[in-house]
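So you can see what is in the structure, the chains are spelled out below.
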Amino acid sequence: MDYRENENRLLIDDIKEKCLWGIRVRYLIVGLALPLIVFSLVNKNPPGIYLGLVLFVGGYNALAHVLHSIKMKLDLWQVVVFRSVFQVFDVAATTLLIYITGWLESPYWFLYLVLIILSGFGMFSYYSLSVFLIASVSALFYLGLLWSAYTGFLPVYGPSFTLSPEELLRSIFNKAIFTTVSFFLFAGTIYYFSKLLSQHREELYKKNEQLLGALEELKDIDLLKDEFISTASHELRTPLSIVRENVSLIEDGVVGEVDAKQKKLLSVSRENIDRLAGILDNLLDISKIESRSLELNCQPTDISSIAKRAIELMADKANYKKISIEERLPEPLIARADADQILRVFINLIDNAVKYTQREGKIGVEVEDAGARIKASVRDNGPGIAEANLPRVFGRFVRFDIETKGSGLGLSICKGIIEMHHGKIWVESKSGQGSKFTFAIPKGEAND
Amino acid sequence: MTELKRRILVIEDEKEMLEAVRLRLEANSYEVISASDGAEGLSQARSEKPDLIVMDIMLPKMDGFTVCRMLKFDENYKNTPIIMLTARTQEMDVARGKEMGADAYLTKPFKSEELLAKIKELIK
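Residues numbered from 1 in each chain as written. Chains lettered and ligands numbered in written order. Predicted model: local features only at pLDDT ≥ 70, side-chain atom pairs only at ≥ 80, totals over all residues.

Peer 1: If you had to explain the overall build of chain B to someone new, which residues and values would you point to?
Peer 2: The helix and strand tally for chain B stands at five helices and five strands. Reading the secondary structure of chain B in the N-to-C direction produces β-α-β-α-β-α-β-α-β-α. Within chain B, buried positions represent 39% of all 124 residues. Of the contacts made within chain B by residues no fewer than 6 positions apart, 57% connect residues no fewer than 24 positions apart. (Helix = DSSP H or I, 4+ residues; strand = E, 2+ residues; numbered from the N terminus. Buried ≥ 20, exposed ≤ 12 C-beta atoms within 10 Å, placed from the backbone. Contact = placed C-beta atoms within 7 Å.)

Take a look at the structure:
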């Protein structure tokens, strides 16, 4: 699975990054050891085995560096094997260091513990078993060192040189048991912690996978919904247009006399067919806006003149209710915008205002320059919106007034269009004191 | 009187829609000839030489875009105005229709007064 591979890739990169730090630290150690060797040379003390140790570390570190920089596509387990091999080299170098720095009394055996800790870091799931590998190798090397000293295979360094054979034997025996037990206790602790960490990681991974699956499913459902709306509204259009045309033919008296009463009924029918068509348009638009498939044709546009056009288009409707529209539309205010869509926003807002304002009421339309933005507002002196309802005004299918006709989609379409223009739309309203809808869109590079 | 009648070709596969448009146009003293698919429409357009064509986009046999292009790229018919009627509202379709040379574009359900106004405007 893609996601699993991706996760492994991340883990590999993580381990590689940590290995690079290990390589840097080894270079630093070699760099620090070199002056000591030069110092001993100056003092006419042959560095001997120290030089050998430094060359050993420098050598395998250089090899590690080369392997690290070669672009190889490795599996997770291969990376882990490479890493473990170099950790074994580290253990060997540490063993050598312990041997030449006082052997039994050498303080450096704590470095084994450091190596066990390091092997636990960055290793997750079953790879955390590598702590036991390092612990075993450490114990093996250390015990080997003690054994070679005991059998006289290697010369004994340090103060233990002066111990009697019995004392030496007891000391070696104590040391061997103590260190070996320490290593495995330590490895066990580190293993436990890394297991704990990896468990969290595994859980997170599983949750993530579930979430991703759910997201895909939701996306599919959403796509299906959009397709459904789009097909449904197309399929509905043809029969709707046949009904509309036939009703309108009868209404216009094309197929015979129609009396006033019949005509009234027919015109109500026709108006409602148009309303239905409007709702279909809105449904299609909201699904396009939400699926981001509505394409804007942005040009430098005079927002004031669009507002003027919208007012002209809505004039009949307003006149019918004897509503006066006050306008404050100063000199051309240019913003980069899709003229048709902004016109729809104005029409929707003015249409709402007309709907909610009582007869002989007042509507105000205003466009103003607000620095980097153009601000436009439509205000009415209708019943206003209750405070509790304000947050839901721009939601889909939201209608507070059952009496008023509408699909409850107009404002969410406005919001969608304005947001696609990287603008904002909001409402200020108080119950009984009317509402004011305002939107602001950035001017963009319109003034270039 | 009859000589003055303008002839309009309506290409539409929905029979009821076709009849409604025919009634409306005849009531406004146009002569109406019709076709129910794209191929028939194209041959009608060539043989009957209508003054204007009203057609759907989604047509059997040959779609409206193709018929439109065939006519508009033909010297003999390129001046015949074409009005596209469609249930599709995608902006892309409008753009494509214009590209193919359609003179006007009405979305279903269209208002008959709009159709009549467009016809009047396009027939000189």
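Peer 1: Which residues make up the nonpolar core, and what are the values?
Peer 2: Residue and element names in this part refer to chain A. Counting 44 residues, the largest nonpolar core has I303, A307 and I350 as its most contacted members. Mapped onto this core, the elements with two or more residues apiece are helix 7 (260-290), helix 8 (303-320), strand 3 (334-337), helix 9 (339-356), strand 4 (362-370), strand 5 (373-380), helix 10 (410-420) and strand 7 (435-442). It is helix 9 that contributes the most residues to this core, eight residues altogether. Setting aside anything within four residues of it in sequence, one finds I303 in contact with L333, A335, I342, V367, I374 and A376. (Core = buried A, V, L, I, M, F, W, Y, C linked by C-beta atoms within 7 Å.)

Peer 1: Explain helix 7 of chain A residue by residue, including any values.
Peer 2: Residue and element names in this part refer to chain A. With 31 residues, helix 7 extends 45 Å from end C-alpha to end C-alpha; this agrees with the ideal 45 Å at 1.5 Å per step. Listed as buried for helix 7 are R270, A277, L280, N282, L283, L284, D285, I286, K288 and I289. Of the residues trailing helix 7, R292 is marked for its positive phi of about 60 degrees. (Expected span 1.5 Å × (residues − 1).)

Peer 1: Quick one: what's the story with the sheet that holds strand 5 of chain A, residue by residue and with numbers?
Peer 2: All names here are of chain A. Strands sit in the order 2-4-5-7-6 across an open sheet of five strands; the sheet is mixed. The sheet is open, and its two borders are formed by strand 2 (324-328) and strand 6 (424-429), each paired with just one other strand. Averaged over all neighbouring strand pairs, the angle between strand axes comes to 15 degrees, with direction disregarded. Here helix 8 sits on the sheet in contact with strand 2, strand 4 and strand 5, set at roughly 175 degrees to strand 4. (Pairing = 2+ DSSP bridges. Axes fitted to C-alpha atoms, helices over the stretch in contact; angles between N-to-C directions.)

Note that all results are geometric; they support no functional claim without further evidence.
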